[in-house]
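Coordinate inspection notes
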Amino acid sequence: MRGTPGAAGVLDPLFPRLGNGGYDVRHYDLALDWAPARSGQRAEQPLRGRARITSRATQNLSAFNLDLKGLEVTSVTVDGRPARYDHAGTELTVRPEKELDKGRTFRTTVEYAGRPGPLEDADGSEEGWLTGDGGTVALGEPSGSMTWFPGNHHPLDKATYTLRATVPKGQRAVSNGEPETTEPRPGRDGRTTWTWNSRHPMASYLATLAIGPYRLTESRTPSGLPVVDAVAPGEDAGELERLPEVLDWSVKRFGTYPFDSAGAVVLAPDTAGYALETQTRPVYPGSPDVGLIVHETAHQWFGDSVTPRTWQDVWLSEGFATYAEWLWDEDHDGPTAQDAFDRLHATSGDAGLWAFPPADPPDQDSLFADPVYQRGAMTLHQVRRVLGDTRFAALLKGWPREYAHRNARTADFTAYAESLAPDGDTREALTRTWAVWLRADGKPDSAAPGR
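These numbers were taken from a predicted model, which means no experiment stands behind them. (Residues numbered from 1 in each chain as written. Predicted model: local features only at pLDDT ≥ 70, side-chain atom pairs only at ≥ 80, totals over all residues. Heavy atoms only, no water.)

1. Regarding the packing of helix 5 (residues 370–387) against helix 6 (residues 389–402)
Cut-off, in case you're wondering: The angle between two axes is taken between their N-to-C directions and runs from 0 to 180 degrees, where each axis is a line fitted to C-alpha atoms and a helix contributes only its stretch in contact. Secondary structure elements follow DSSP: runs of H or I of four or more residues count as helices, runs of E of two or more count as strands, with numbering from the N terminus. Roughly parallel means an angle under 35 degrees; roughly antiparallel means over 145; roughly perpendicular covers 65 to 115; every other angle is labelled oblique. Note on convention: the crossing is left-handed when the near helix lies turned anticlockwise from the far helix by less than a right angle, right-handed when the turn is clockwise. Any two residues whose heavy atoms approach within 4.5 Å are treated as being in contact. Lys, Arg, Asp and Glu make up the charged group, whereas Ala, Val, Leu, Ile, Met, Phe, Trp, Tyr, Cys and Pro make up the nonpolar group; the residues left over, Gly among them, are polar.
Contact geometry for helix 5 and helix 6: axes closest at 6 Å, N-to-C directions at 130°. The angle between helix 5 and helix 6 places the two elements in the oblique class. Classified by chirality, the crossing of helix 6 by helix 5 is right-handed. On the side of helix 5, the interface is formed by Leu380, Val383, Arg384 and Leu387, while helix 6 contributes Asp389, Arg391, Phe392 and Leu395. Split by residue class, the contact of helix 5 with helix 6 holds 5 nonpolar, no polar and 3 charged.

2. Description of the sheet that holds strand 12 (residues 135–139)
Filter applied, for reference: A pair of strands is treated as paired once DSSP finds two or more bridges between them.
With antiparallel pairing, the 5 strands of this open sheet are ordered in space as 10-11-12-18-14. With one partner strand each, in any of the chains shown, strand 10 (118–120) and strand 14 (172–175) form the two edges of the open sheet. Going across the sheet, the axis of each strand differs from the next one's by a mean of 20°, ignoring polarity. Judged from the 5 bridges that link them, strand 11 (residues 126–132) and strand 12 form a sheet pairing that is antiparallel. Within strand 12, the residue paired with Trp129 across the bridge is Ala138.

3. Considering the nonpolar core
Put simply, the test is: To define a nonpolar core, start from buried Ala, Val, Leu, Ile, Met, Phe, Trp, Tyr and Cys residues and group those joined through side-chain atoms within 4.5 Å. Accessible area is worked out with a 1.4 Å probe on protein chains only. A residue is then buried under 20% of its type maximum, exposed over 50%, and partly exposed in between.
Grouped together as the largest cluster of nonpolar side chains are 129 residues, with contacts concentrated most on Phe64, Trp148, Leu209, Trp326, Leu395, Trp399 and Phe413. Tallying contributions element by element places helix 3 (residues 315–331) first for this core, with 9 residues. When sequence neighbours within four positions are dropped, the list of residues in contact with Phe413 reads Trp315, Leu316, Phe320, Leu380, Leu395, Trp399 and Trp434.

4. A few points about the sheet that holds strand 22 (residues 283–284)
Ordered by their spatial adjacency, 4 strands build an open sheet running 19-20-21-22, and the pairing between neighbours is mixed. Looking at the sheet topology across the chains shown, the edges are occupied by strand 19 (215–220) and strand 22. Here strand 20 (residues 226–231) runs beside strand 21 (residues 262–266); their pairing, made up of 5 bridges, is parallel. Considered in strand 21, the bridge of Val231 is made with Val266.

5. Describing the pattern of salt bridges
A side chain with one charge may pair with a side chain of the opposite charge, provided their charged atoms come close. Put simply, the test is: Here, a salt bridge means any Lys or Arg side-chain nitrogen found within 4 Å of an Asp or Glu carboxyl oxygen.
On inspection of all chains with the given rule, the structure shows 14 salt bridges. One salt bridge connects Arg242 with Glu245, and the closest N-O pair in it is separated by 3.0 Å. Here Glu245 falls in the partly exposed class, since its relative accessible area comes to 35%.

6. Considering the side chain of Arg281
In plain terms, the rule: Counting rule applied: Lys, Arg positive; Asp, Glu negative; His and chain ends not counted. A 3.5 Å cut-off defines polar contacts: any pair of N or O atoms within that distance qualifies, except that in protein one atom must be a possible hydrogen donor and the other a possible acceptor, and neighbouring residues in sequence count only when both atoms are side-chain atoms.
By the element assignment, Arg281 lies in the loop between strand 21 and strand 22. Buried charge without a salt bridge: Arg281, with Glu178 as the nearest opposite-charge side chain at an N-O distance of 5.5 Å. A polar contact of 2.9 Å, which involves the side chain of Arg281, links it to the backbone oxygen of Ser175. Within the structure, Arg281 has its side chain in polar contact with the side chain of Ser261 (distance 3.3 Å). The residues touching Arg281, leaving out its near neighbours within four places in the chain, are Val174, Ser175, Asn176, Gly177, Trp196, Val228, Ser261, Ala262, Gly263, Ala264 and Val265.

In structure tokens:
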């Protein structure tokens, strides 16, 4: 049977060109060399990379695409044989010498170089390869990872990672997962190579690489979980010392921690303007407070382990992480989750909070707007009111256990919540909750569940 080209996009409702069809990535092995120019000079190609991508064909393939933007590809091989390729815009199209049969595991090696840079999102924020006076960081939500390595850059295709980064003398390279050693391999001219391994599947938007003169500290939580923190010079770690406490509380609320290590990267303030739940090691734009630490830590369960199937399902990440902040306050003698709900529900019906339902962001610009975060959390509070505290507590642990290291849709969550309903009346109340709080336009008339 003749092969056909894999699709140049997975037709995500909000980002139809992101990702690619025809194959499933199993592992990324990334070797990067970062050599920015010294003061007063300009390096034309400060980043050189080699990506070895192990994949399985999900159809008979005559060609397939990788997402890559702004970098020059110098060679491509498939299973060691030179492959023809074209690179236009964000699409790197690869035509292997021989067609790939469905079910076959194959390795694509891409060598590339260039000057990576940022992407500007629809809301005006920047992602991708960001550089400030205090260093460089790669942030990928929703599509910035294509600025520094080729891949299948949609959350649906999760993979494990090995990352080796060679950086200038005095610099440290910090990434996801576990370091092979915090004493990096020395090279020529004092340059050092740092190696990190992510053994659990990760969506590419959660991959990060921070390069700079960070202070690295290693510790363990009381339960023995390794913690690696990286803090930019001159930055106070803020309340980061409370991370073990937050992790312990999160485990009690959400169940077993889903990864093999934890930690944080605290950036110099001019590097990035927001925090991101990069897997195992969230990135903070300066010293974080405990509320932000709670939010990004909760994402390790909700967003990182259980990852949205499409970007329209992102409320499953942000709604849960926001609700985690409410629960933390409630459990630490602060306002209750009901207080937080009531405060928000009292806002005007014309406010941005009610601009669209959380399960239906209308465009890319609305991906990180208040309805996704705050109304998403309000929806979860309505579920709590319908199920009761005991069953809702079981949901908080059962949902991330049921979909651990997988992708989930909104329909998967609603079905799971309904499976916890003790009777038909409760299931009907949940059905009304989905209709009113999750799907309907405008502000609900009443704060009562499902009304």
